[in-house]
Amino acid sequence: MARIARAKVLIVGDSEVGKTSLLHRFVDDKFPFRPMATMGSDFRKRTIEIEDSMMQLEVWDTAGQERYMSVASGFFRGSNGVLLVFDVTNVTSFTGIQKWVEEVEYHEIPIWKCLLVGNKIDLINERFIDYSLASSLAHRLGLSYIETSVKDDKNVQLAFATLAKQMMEQMKVNAFNQVRSISVFNLLEYDRSNRKKRGCRKWNCYIM
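Our subject in this report is the structure included herewith. Every chain begins its residue count from 1, and numbering advances along the sequence as written. For this predicted model, a pLDDT threshold of at least 70 governs which residues receive local features, and a threshold of 80 or more governs which side-chain atom pairs are given and counted, while totals over whole chains, interfaces and linings are taken from all residues. Side-chain calculation: all heavy atoms of the structure are included, whereas hydrogens and water are not.

## A few points about the nonpolar core
- Ranked by internal contacts, the top residues of the largest apolar core, which has 26 residues, are M55, L57, V59, L83, F160 and M167.
- A run of DSSP states H or I qualifies as a helix once it reaches four residues; a run of E qualifies as a strand once it reaches two. Both are numbered from the N-terminal end. Secondary structure elements with two or more residues in this core: β1 (4-12), α1 (19-28), β2 (41-50), β3 (53-62), β4 (81-87), β5 (114-119) and α6 (156-198).
- Ranked by residues supplied to this core, first place goes to α6 with seven residues.
- Only heavy atoms matter for contacts: two residues are in contact if any of them lie within 4.5 Å across the pair. Discounting residues that sit within four places of it in the chain, V59 has contacts with V9, I11, L23, F26, D42, F43, R44 and F160.
- Among buried residues, those of type Ala, Val, Leu, Ile, Met, Phe, Trp, Tyr and Cys that are joined through side-chain atoms within 4.5 Å constitute a nonpolar core. Throughout this description, buried means an accessible area under 20% of the type-specific maximum (1.4 Å probe, protein chains only), exposed means over 50%, and partly exposed covers the range between. Core analysis: the next-biggest nonpolar cluster, separate from the first, contains 25 residues, L84, F86, V101 and C114 among them.

As structure tokens, this is what we get:
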């Protein structure tokens, strides 16, 4: 059986941007018409296939209210990826992304581990943040940007798959670097052992 990679993903953003709905659509393929506000945090798990590899995502939905910021802050530790979510009909939630980016940076999470998500694009007549404005912000922050509609089930799976692919690629890089480090260490240990056997001194022995 192929090994399953595991990753912790946070969904963050201001209150009522659709974080809970994103989680339910991704894991259960359901649209909760009246989701209850998250008190602190909630999480679900789902395993997906990314480029012939399996990855189990432990997805955490965090509360967006200011009074829960200290609670949500604790869940950044050990995170492998972050969805930064705003509501395209709510200007305040869009400007609030900067606050969440600062939270990410405070917890020393590299910005490439994040994905910017503009939600509720089905509300066409209520939209304030257009695609070009959001894309401009994403470009300035060094992020990829995806727009979603939980209600219409548009791009929700794509958003999680995109983030999962980024995490999978980095895991492969980390694994390669770890193997290379071990190989270098073993080579040095082998050379040191041979030096001792030959009774060499550091000034007259060389690695051939």
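## A short note on unusual backbone geometry
- Positive phi outside glycine occurs at D29, with the angle close to 55 degrees.
- Of note, D29 is situated in the loop between α1 and β2.
- The backbone of D52 sits at a positive phi, close to 65 degrees, despite the residue not being glycine.
- If you trace the backbone, D52 turns up in the loop between β2 and β3.
- On the basis of relative accessibility, which here comes to 72%, the residue D52 falls in the exposed class.

## Structural notes on helix α5 (residues 131-141)
- Within the sequence span of α5, burial applies to A134, L137, A138 and L141. Along the axis of α5, the buried positions cluster into a sector of 100 degrees, meaning they face one direction only. Those residues of α5 that are exposed and angled more than 90 degrees off the buried face are S132, H139 and R140.
- Where α5 is buried, its residues touch β4, α3 (91-95), α4 (97-106), β5 and β6 (144-147). To obtain the arc, one takes the directions from the helix axis to the C-beta atoms.

## Some details on the packing of aromatic side chains
- The aromatic pairing rule takes the rings of Phe, Tyr and Trp, using the six-membered ring of Trp, and pairs them if the centres are within 6.5 Å, calling planes under 30 degrees apart stacked, those over 60 edge-to-face and the rest tilted. The tally for this structure, following the rule as stated, stands at five aromatic pairs.
- With 4.4 Å between their ring centres and 25 degrees between their planes, F43 and W60 make a pair best called stacked. Here W60 lies in strand β3 and F43 lies in strand β2, a separation of 17 residues in the sequence.
- Using a relative accessible area of 35% as the deciding quantity, one classes F43 as partly exposed.
- Overall, W60 belongs to the buried group, its relative accessible area being 13%.
- Measuring from centroid to centroid gives 6.1 Å for F86 and Y145, while their planes differ by 10 degrees, and the two rings are stacked. With a gap of 59 residues between them, F86 in strand β4 and Y145 in strand β6 connect regions that are remote in the sequence. The exposure classification of F86 matches that of Y145, with both residues buried.
- Put simply, the rings of F86, F94, Y131 and Y145 touch in pairs and so form one group of aromatic residues.
- Between K8 and the ring centre of W60, over which it is positioned, the NZ or CZ distance is 5.6 Å. Two limits define a charge over a ring: the Lys NZ or Arg CZ must be within 6 Å of the ring centre, and within 35 degrees of the ring normal.

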